[in-house]
Amino acid sequence: MQLINIWRHFHTITEHKIMVARHCFKVGMYWQGLTHDLSKYSPSEFWQGVKYYQGYRSPNNAEREDKGYSAAWLHHKGRNKHHYEYWIDYSTGPVKGMTGMKMPLKYVNEMIMDRIAASKVYEGTAYTQHSPLKYYEMGKDGYMIHPETRALLEYILKMLDKKGEEKTFAYMRKYMVGRKNYPKIK
Ligand SMILES: [Zn+2]
């Protein structure tokens, strides 16, 4: 294990955490801003992150390619409600087997902030307001996510793509933060 990667990984996850907190604070999400992704500092996630440190992409991808699964990710998604993967469970409806449950709005909000911050950290100066939507478009076909949650996530990412961060955050603060029901989307 390279010592330098301990520092690099710590730096990456902390930079991400600070950025998520800054975004969350802007819309009034204080507790979630502070506690976002704390499990990344737990030994099961931290040391895998160091071992598979990449710099340009998540170490989970490298761990997955190496071992066939990512123990760090399984640990992470099982504890962090802002990931739609946390909400995969046995269906009670028409779908057979497992499916995405509808995420509570407060975690959809955190998921949006997480995606914006992750795009910024990984893309650096190449980041634009179009980046989070592009990232979503690349992976969306593989998402096991509730249709209403998907529609809202897409709606906000498209708003960000078109109108920018300032207007999108204003919308979130007005219609999404501190609310229980999803906003009506056009
Ligand atoms: Zn997370």
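As the structure is a computational prediction, the values presented were derived from the model and not from experiment.

(A) Expanded view of the overall build of the protein. On a plain count of helices and strands, the protein comes out with nine helices and two strands. Along the protein, helices (α) and strands (β) appear in the sequence α-α-α-α-α-β-β-α-α-α-α when read from the amino end. For 186 residues, the compact-globule estimate of 2.2 N^0.38 gives 16 Å, and the protein sits close to it at 17 Å. By its C-alpha atoms, the protein is 50 × 40 × 30 Å across when sized along the principal axes. Within the span of the protein, comprising 186 residues, buried residues form 29% of the whole. Long-range pairs, those at least 24 residues apart, make up 62% of the contacts in the protein between residues at least 6 apart in sequence.

(B) Up close: the packing of helix H7 (residues 131-139) against helix H8 (residues 147-163). In the contact formed by H7 and H8, the axes pass within 8 Å of each other and the chain directions differ by 140 degrees. One way to sum up the angle between H7 and H8 is to call them oblique. The handedness of the crossing between H7 and H8 comes out as left-handed. Across the interface between the two elements, Pro132, Leu133 and Tyr136 of H7 pack against Leu157, Lys158, Leu160 and Asp161 of H8.

(C) Main features of the nonpolar core. If you look at the biggest cluster of nonpolar residues, it comprises 22 residues, and the most contacted ones within it are Cys24, Val108, Ile112, Met113, Leu153 and Ile156. Broken down by secondary-structure element, the contributors of at least two residues to this core are helix H1 (3-26), helix H6 (105-123) and H8. By residue number, the principal contributor to this core is H6, which donates six residues. Other than its neighbours up to four places away in sequence, Val108 contacts Met103, Thr149, Leu152 and Leu153.

(D) Representation of the environment of Met103. Relative to the elements of secondary structure, Met103 occurs in the loop between strand E2 (98-100) and H6. It is 24 Å that separates the C-alpha atoms of Met103 and Lys120, two residues lying 17 residues apart in sequence. Ignoring any residue separated from it by four or fewer positions in sequence, one finds Met103 in contact with Tyr84, Trp87, Val108, His146 and Thr149.

(E) View of helix H3 (residues 43-51). Within H3, burial applies to Glu45, Gln48 and Gly49. Down the axis of H3, the buried side of the element spans an arc of 105 degrees, and every buried residue falls inside it.

(F) A look at the environment of Glu123. Within the fold, Glu123 resides in helix H6. Under the C-beta neighbour-count criterion, Glu123 is labelled partly exposed, with 15 such atoms within 10 Å. Residues Glu123 and Glu15, 108 residues apart in the sequence, show an inter-C-alpha distance of 13 Å.

(G) How the structure looks around H8. Look at H8: 24 Å from first C-alpha to last across 17 residues, which is about the 24 Å you get at 1.5 Å a residue. Among the residues of H8, Thr149, Leu152, Leu153, Ile156, Leu157 and Leu160 are the ones counted as buried. Projected down its long axis, H8 shows its buried positions confined to an angular sector of 125 degrees, all on one face. Facing away from the buried side of H8, by more than 90 degrees, are the exposed residues Pro147 and Lys162. In this structure, the buried side of H8 is in contact with E2, H6, H7 and helix H9 (165-175).

(H) Representation of the environment of Glu45 within the structure. Mapped onto the elements, Glu45 comes out in helix H3. Along the backbone, Glu45 and His76 are 31 residues apart, and their C-alpha atoms lie at a distance of 7.1 Å. When near neighbours in sequence (up to four residues on either side) are disregarded, Glu45 contacts Ser39, Lys40, Ala72, His75 and His76.

Cut-offs and rules
- Residues numbered from 1 in each chain as written.
- Predicted model: local features only at pLDDT ≥ 70, side-chain atom pairs only at ≥ 80, totals over all residues.
- Helix = DSSP H or I, 4+ residues; strand = E, 2+ residues; numbered from the N terminus.
- Rg over C-alpha atoms; globule rule 2.2 N^0.38 Å.
- Buried ≥ 20, exposed ≤ 12 C-beta atoms within 10 Å, placed from the backbone.
- Contact = placed C-beta atoms within 7 Å.
- Axes fitted to C-alpha atoms, helices over the stretch in contact; angles between N-to-C directions.
- Parallel < 35°, antiparallel > 145°, perpendicular 65-115°, else oblique.
- Left-handed = near helix turned anticlockwise from the far one by under 90°.
- Core = buried A, V, L, I, M, F, W, Y, C linked by C-beta atoms within 7 Å.
- Arc of directions from axis to C-beta.
- Expected span 1.5 Å × (residues − 1).

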